[in-house]
Amino acid sequence: VGFMGVGFKAVFRSFERVHVSSGDWRFKLQVPVVKGETFGDLQRDWIGAVLPEWDDGASTPSEGMTCRFHLTGRLAGLLSPQSDFEAVLGDDKSLLPLLAWRGVKEVELGTNNWLLELRKAAEHERGASEVGAVGDGEGQSRRWVVFCSQYTPSRDAVARFLEHRQLSPTPEEKERVYEEASRAREVLAFTPLDGSGAPTPPHHGVAFALLPTAVSLPLGLHIQADWLLVINRQEIMQLDGNAWHREILAQIPRLLHDYLQWLVSVGPKRSDAWTNGFDALPTAIREDIKGDAWVADAAFVNAAKESLRELPFLPLPSGDDDAVKFVSPERARRLPAPLAKMMSRERMKQGLLFGSGVVSGRSLGDRASQWLQAIELLKELSPDELVADWGTERVQTWYEAFVPEERAKALADLLESLAELHGREEWSKCSPVCLPTEAGGWGSRDSVSRFPRDWAVLTNEPLVQAALKPFAGPGEELVAWVFDAWLAQKRSDRQHYLEEVEVWDLDELVTAWWDSLPESIGEEAVPVVVAFTVWVRKKQSQRKGLVEKVLCVNEGAAHLLVPADACVLADPYASSIRRTLYPAIPVVSGVYLASDGGSSAADWRAFFESMDNSPCGRFKFAMDGSRCSGPQLESLVGNEFSAPAQRSSYMTERFLGLSFGSNEYLVVDWKLPEPALRLLERPVTADGSRSLVEWLAESCGGWRQMAKRKFAFIPFGKGKVEELDLDLPTSWTQALGNTAWLFSSPGDGPFRPRDILQAPDPSRPEAPVAMLPVQLVQSLADAGVKFGGDIPNAPTIVRVKTMGPISMGEDLTKLVVEAIEQAGEDDDQLSLVKGVLDTTPLVPLPPGFVAVDGAARVARGRLVRSLCGRSALGNWVIAADAYQDGSPEQRVLDAVDTAFGFSDGPGAEQAMDFLKWVWSTHPDAERVRQ
């Protein structure tokens, strides 16, 4: 097949002798070997390789052959000759198609016999030739596709060839040598085919000079050419700057053209794996391989672009007919990386989404796409082209091609890919028609808005949702809520594409809805208002501000819809007395309570009264703040009060919602609300008193915090507010404490609190008693409003007799001690006090004691200092030392003992009293006496 002398030398190195016959020539070459005596080393005399000896006995070539080499004396330690041939053929047997191209029909190697068949393209065609090789063994069939490009070397190229071969012919030989050197040459590109006939390009092709070299190429094709090789026949001499090699490489663009033309015309008919053939196109240059540089050379790139520009080889996505279509690079577009990545997934229906000129990246593959992009042969789809193409119903058609359960995810993936393009300036403002609208159509980001993010909270409130929805705009201008909700639920972190779309605020829609409703509301709108308010109370209690208006009635008129703070909350939610306190404004309708069977009046009252714009009616103090200087504050407080130092540099702060400067003191006072002040301005009637008491009692509690005025300031050296209490009563405590507004149960009055008792006092049965709820009395007392302070007390001994048996602790101690002190040295008074103490059970038994007669308290006659070991007669007698030291009971006993004394133990008097009790209570009293 014509391998050159350098190839023969490479083979002959493995043998001692060779017999050569060709035409009339018969000779042999022999390399003598001498074995060393000491170490047995083999020394070869290489001079024999160039000293031929005539050999008439050499066998002639086989029929049809022109030259025969018979090699013998293979060197020891080498593998068999067959291994050499197998290495030459390679694992993929890539030498076989080249032998077939040279006309070889059969290759016999050891026990294997390869039959070669070449189906060569016609000479006038630049098409593909296919080689089939069938071996003896089962499954030993191989196939390749081969492409040929012929060219005639230029003068510069021939010069490089002659230099490399060191050919300097004699005058007689010049014509023959130069004609041979200048003859037309062939460059072949070939690649294996699989069983179906689809190409399986190697990742890196190999450079062949009939036999394979060790040079790999940044192509998916093997390249056979008359490369100029170095002496070991494994490397190519000087690719860069060598005219001979430059002209070989110049054939590759033409070969790529023919290969791709064959691939797209034949491949789809043979196998689904035909798209693997695009991996024959160049791949990325390997930085550590200097010989790869030619593939990025401007001359090669320009030639490749020119060769492929008009060739329709770029695959388009399959359509409904599954026919594969192709487009040329000059008409094609590639998808930007994020969109290409999405479309690389199976069944993404690229053909429906992108027009007829957008290449299928999935079919083309990353390798081919990257090379075509690198040489700028395949342009990227521009934002304007995308917007123009999607201006119709393209996205909708694509979307509806998926089964319903897959549509939302597919669209979300598309939007995610578009969002990834935002980092590129030319795509940042791109707004194609790709968003489903509430009306069933499609819109762009610039033409739609979105429902509130919390629109889902109204999912179970269709009546409310329907009322608010029109205020978000026409359905054609709203992103479909079904998709938006799915996106928020499933892909909450992937909503970047919609970030620039205006999102309605639920509060805005609610306000617009309230503003649209007239004050004289129709009956058809009442259920919606009620449903909305019920929803807020039950499901959105933290957003009470959404209820801007409430339904009211006014003197029995039809429903009115007014701002919440422009009406009064009364019955059925609170006391009807509120109607009289706020007679000029409408009353909250009872329709809320009537429509909400699962809630009580107290639930609704709590809701309304906790609103920021709550209806009137609840008793609530009015806060009043005044700003003053240090001297003014000192004058207000008096009692040598000294105002604390303030911050030196100026700043403003807020306290209880009031603003003041660091050079001021803010004094806060609390006053009664206007309805209460109006009741107190004129002489209060019994009805007015009852109204005020009922109103106060509804909301009493926590008033202690507003019993004293406060002042706030910014202290020296600090930057935050400090508050302090002033020893000054607030306006409301003064108003209620100094005004006659209370009536007694018989209807007498009005009384000031100090002129009437808060509860009946047995010691002062004639004193008037206010009719007040206990909780209200306690709240007023906690805030410093005292009752009965100006009513004279009855004589102490009388109060001891009446109040003593029900008094406890300090109150009892105070009564007893005061009675003894009032008696002084007066024997009659002392005798009176002693008689009361002896007959009135005042002293509670010590904890854990149970008296024999069941008494809870005992009089002085049953008290002793100590038992001194005597019997307590079943706790008839109580010892003073049974009480805890320092306790109120102990102090009572000490005072009584000091004034009147006790015995040191049960004596005749206590025993006789005990016996009298026994005689009077025992069923067999006579026998007990005896």
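Notes on the structure in this doc start here.

Some details on a nonpolar patch on the surface
Here's step 1: Where nonpolar side chains cluster on the molecular surface, the patch consists of Ile-47, Val-50 and Leu-51 and spans about 290 Å² of accessible area.
Here's step 2: You can call Leu-51 partly exposed: its relative accessible area is 47%.

Here's the deal with the environment of Arg-407
Here's step 1: Relative to the elements of secondary structure, Arg-407 occurs in helix H15 (residues 404-420).
Here's step 2: For the pair Arg-407 and Arg-74, spaced 333 residues apart in the sequence, the C-alpha separation amounts to 72 Å.
Here's step 3: Beyond its immediate sequence surroundings of up to four residues, Arg-407 is in contact with Tyr-399, Glu-400 and Phe-402.
Here's step 4: A polar contact is formed between the side chain of Arg-407 and the backbone oxygen of Glu-400, at a distance of 3.3 Å.

Regarding the packing of aromatic side chains
Geometrically, a pair of aromatic rings is defined through the distance of the ring centres and the angle of the planes.
Here's step 1: Under the counting rule described, the total for this entry stands at 39 aromatic pairs.
Here's step 2: When the centroid spacing of 6.2 Å and the interplanar angle of 50 degrees are considered together, the rings of Trp-25 and Trp-54 count as tilted. Here Trp-25 is found in strand S2 (residues 25-30), whereas its partner Trp-54 is found in strand S5 (residues 53-54), with 29 residues between them in sequence. The same class applies to Trp-25 and to Trp-54, which are both exposed.
Here's step 3: Judged by centre distance (5.7 Å) and plane angle (35 degrees), the rings of Trp-876 and Trp-917 are tilted. Taken together, the residues Trp-876 in the loop between strand S32 (863-864) and strand S33 (878-879) and Trp-917 in helix H33 (residues 908-921) connect sequence positions 41 residues apart.
Here's step 4: Taking relative accessible area as the criterion, Trp-917 reaches 26% and is therefore assigned partly exposed.
Here's step 5: Three or more aromatic residues link up through ring pairs in this structure, and these residues are Tyr-582, Phe-619, Phe-621, Trp-695, Trp-703 and Trp-732.
Here's step 6: In this structure, Arg-185 packs its charged tip against the face of Phe-161, placed 5.0 Å from the ring centre.

Concerning the environment of Gln-465
Here's step 1: Residue placement: Gln-465 occurs in helix H17 (residues 462-468).
Here's step 2: Considering only alpha carbons, one finds Gln-465 and Leu-239, 226 residues apart in sequence, at a separation of 76 Å.
Here's step 3: Those residues in contact with Gln-465 that sit more than four places away from it in its chain are Trp-455, Leu-458 and Thr-459.

Quick notes on helix H8 (residues 298-308)
Here's step 1: Listing the buried residues of H8 in full gives Phe-300, Val-301, Ala-304, Lys-305, Ser-307 and Leu-308. When H8 is viewed along its axis, its buried side chains cluster within an angular range of 165 degrees and face the same direction. Every exposed residue of H8 that faces more than 90 degrees away from the buried side is listed here: Ala-299 and Glu-306.
Here's step 2: Buried residues belonging to H8 abut helix H6 (243-249), helix H7 (252-270) and helix H12 (366-374).

Regarding the sheet that holds strand S21 (residues 549-553)
Here's step 1: Read across the sheet, 3 strands follow the order S22-S21-S23 without closing on themselves; strand pairing throughout is antiparallel. At either margin of the open sheet sits one strand with a lone partner, and together these are strand S22 (560-563) and strand S23 (587-588).
Here's step 2: Summarising the sheet, S21 and S23 pair through 2 bridges and their orientation is antiparallel. Within S23, the position partnered with Cys-552 by the bridge is Val-588.

A closer look at the packing of helix H4 (residues 155-165) against helix H5 (residues 174-181)
Helix-helix packing: each pair is described by the crossing angle between the helix axes and the interaxial distance.
Here's step 1: Packing of H4 against H5 brings their axes to within 10 Å, and their N-to-C directions diverge by 115 degrees. In this view, H4 runs roughly perpendicular relative to H5, as classed from their interaxial angle. Read as a crossing pair, H4 and H5 show a hand that is right-handed. Of the residues in H5, those touching H4 at Val-158, Phe-161 and Leu-162 are Val-177, Tyr-178 and Ala-181.
Here's step 2: Of the residues assigned to the contact of H4 with H5, the class counts are 6 nonpolar, no polar and no charged.

Brief notes about unusual backbone geometry
Most peptide bonds are trans, and most residues other than glycine sit at a negative phi.
Here's step 1: Each neighbour pair has its own omega, and for Asp-571 with Pro-572 the value is 15 degrees, a cis peptide bond.
Here's step 2: Within the secondary structure layout, Pro-572 lies in the loop between S22 and helix H21 (577-581).
Here's step 3: Going from Gly-749 to Pro-750, the amide bond is cis rather than trans, its omega being 5 degrees.
Here's step 4: Tracing the chain through its elements places Pro-750 in the loop between helix H27 (731-738) and helix H28 (774-782).
Here's step 5: Even without being glycine, Asn-875 reaches a positive phi, approximately 60 degrees.
Here's step 6: Looking at the element boundaries, Asn-875 is found in the loop between S32 and S33.

Digging into the sheet that holds strand S29 (residues 722-729)
Here's step 1: Read across the sheet, 4 strands follow the order S24-S27-S28-S29 without closing on themselves; strand pairing throughout is antiparallel. Pairing within the sheet leaves two strands with one partner each, and these edge strands are strand S24 (622-628) and S29. Looking at each pair of strands side by side, their axes are set apart by 25 degrees on average, direction ignored.
Here's step 2: Here strand S27 (residues 665-671) pairs with strand S28 (residues 708-713) via 3 bridges, running antiparallel. Within the sheet, the bridge partner assigned to Leu-666 lies in S28 and is Ala-712.
Here's step 3: Taken strand by strand, H27 contacts S27, S28 and S29, and its axis lies near 35 degrees from that of S27.

Let's talk about a negative patch on the surface
Here's step 1: Taken together, the side chains of Glu-825, Asp-826, Asp-827 and Asp-828 present a region of like negative charge at the surface.
Here's step 2: Its place among the elements puts Asp-826 in the loop between helix H30 (809-823) and helix H31 (827-839).
Here's step 3: Residue class for Asp-826 comes out partly exposed when judged on its relative accessible area of 37%.

Topic: the side chain of Lys-305
Here's step 1: Looking at the secondary structure, you find Lys-305 in helix H8.
Here's step 2: Of the buried charged residues, Lys-305 lacks a salt bridge, with Glu-376 as the closest side chain of opposite charge at 4.6 Å.
Here's step 3: Residue contacts for Lys-305: discarding those within four places in its chain leaves Ile-375, Glu-376 and Leu-377.

Comments concerning the packing of helix H20 (residues 526-539) against helix H23 (residues 601-609)
Here's step 1: Between H20 and H23, whose axes approach to 11 Å, the crossing angle comes to 90 degrees. The angle between H20 and H23 falls in the class roughly perpendicular. When H20 is examined against H23, the residues Thr-533, Val-534, Val-536 and Arg-537 are found in contact with a partner set consisting of Asp-603, Trp-604 and Phe-607.

As for the pairing of S2
Here's step 1: The pairing of strand S1 (residues 15-22) with S2 spans 6 bridges and is antiparallel. Bridge assignment links Ser-21 to a residue of S2, and that residue is Arg-26.
Here's step 2: In this structure, the hairpin formed by S1 and S2 is closed by a connection of 2 residues, where Gly-23 is found at a positive phi of approximately 60 degrees.
Here's step 3: Bridge count for S2 against S5 is 2 bridges, and the pairing is antiparallel.

Re the pattern of salt bridges
Here's step 1: For the structure shown, the criterion picks out 40 salt bridges.
Here's step 2: Here Asp-838 ties to Lys-834 by a salt bridge, and the two come within 2.8 Å at their closest N and O atoms. Here the residue Asp-838 and the residue Lys-834 both occupy positions in helix H31, the gap between them amounting to 4 residues, near one helical turn.
Here's step 3: Judged by relative accessible area, Lys-834 falls into the partly exposed class, the value being 30%.
Here's step 4: One salt-bridge network, in which partners are shared between bridges, spans Arg-578, Arg-605, Glu-609, Arg-618 and Glu-698.

Parameters at a glance
Sequence order as written defines the numbering, with residues in each chain counted from 1. Totals for whole chains, interfaces and linings use all residues, but because this is a predicted model, local features are given only for residues with pLDDT of at least 70 and pairs of side-chain atoms are given and counted only at 80 or more. Only hydrogens and water are set aside; all other atoms, that is, all heavy atoms of the structure, feed into the side-chain values. Excluding any residue in a salt bridge, patches collect residues exceeding 30% relative accessible area, merging like charges within 9 Å and nonpolar Val, Leu, Ile, Met, Phe, Trp and Tyr side chains within 5 Å. Values of accessible area rely on a 1.4 Å probe in the Shrake-Rupley scheme; residue burial ignores everything except the protein chains shown. Note on definitions: salt bridges are taken to be side-chain nitrogens of Lys or Arg within 4 Å of carboxyl oxygens of Asp or Glu. When a residue's accessible area, from a 1.4 Å probe over protein chains only, is under 20% of the maximum for its type it is buried; when over 50% it is exposed; and in between it is partly exposed. Note on conventions: DSSP H or I runs of at least 4 residues are helices, E runs of at least 2 residues are strands, and numbering of each starts at the N terminus. For this analysis, residues touch if any pair of their heavy atoms sits within 4.5 Å. We call two N or O atoms a polar contact when they sit within 3.5 Å, provided that within protein one can donate a hydrogen and the other can accept it, with sequence-adjacent residues counted only if both atoms are side-chain atoms. When the centres of two rings from Phe, Tyr and Trp lie within 6.5 Å, Trp using its six-membered ring, the rings pair. Their planes under 30 degrees apart give stacked, over 60 give edge-to-face, and anything left gives tilted. Only when the NZ of Lys or the CZ of Arg is both within 6 Å of the ring centre and within 35 degrees of the ring normal is a charge said to sit over the ring. The arc in question is the one traced by the directions running from the helix axis out to the C-beta atoms. When DSSP finds two or more bridges between a pair of strands, those strands are recorded as paired. Note on geometry: axes are C-alpha line fits, over the in-contact stretch for helices, and angles between N-to-C directions span 0 to 180 degrees. Here the angle decides the label: under 35 degrees means roughly parallel, over 145 means roughly antiparallel, 65 to 115 means roughly perpendicular, and every other value means oblique. Two helices cross in a left-handed way if the nearer one is turned anticlockwise from the farther one by less than a right angle. They cross in a right-handed way if the turn is clockwise. Each residue is assigned to one of three groups, with Ala, Val, Leu, Ile, Met, Phe, Trp, Tyr, Cys and Pro labelled nonpolar, Asp, Glu, Lys and Arg labelled charged, and all others, Gly among them, labelled polar. His residues and chain termini do not enter the charge count, which takes Lys and Arg as positive and Asp and Glu as negative. Taken as the charge centre is NZ of Lys, CZ of Arg, CG of Asp or CD of Glu, depending on the residue.

Note that every value here comes from positions in space, so none of it alone points to a role or purpose.
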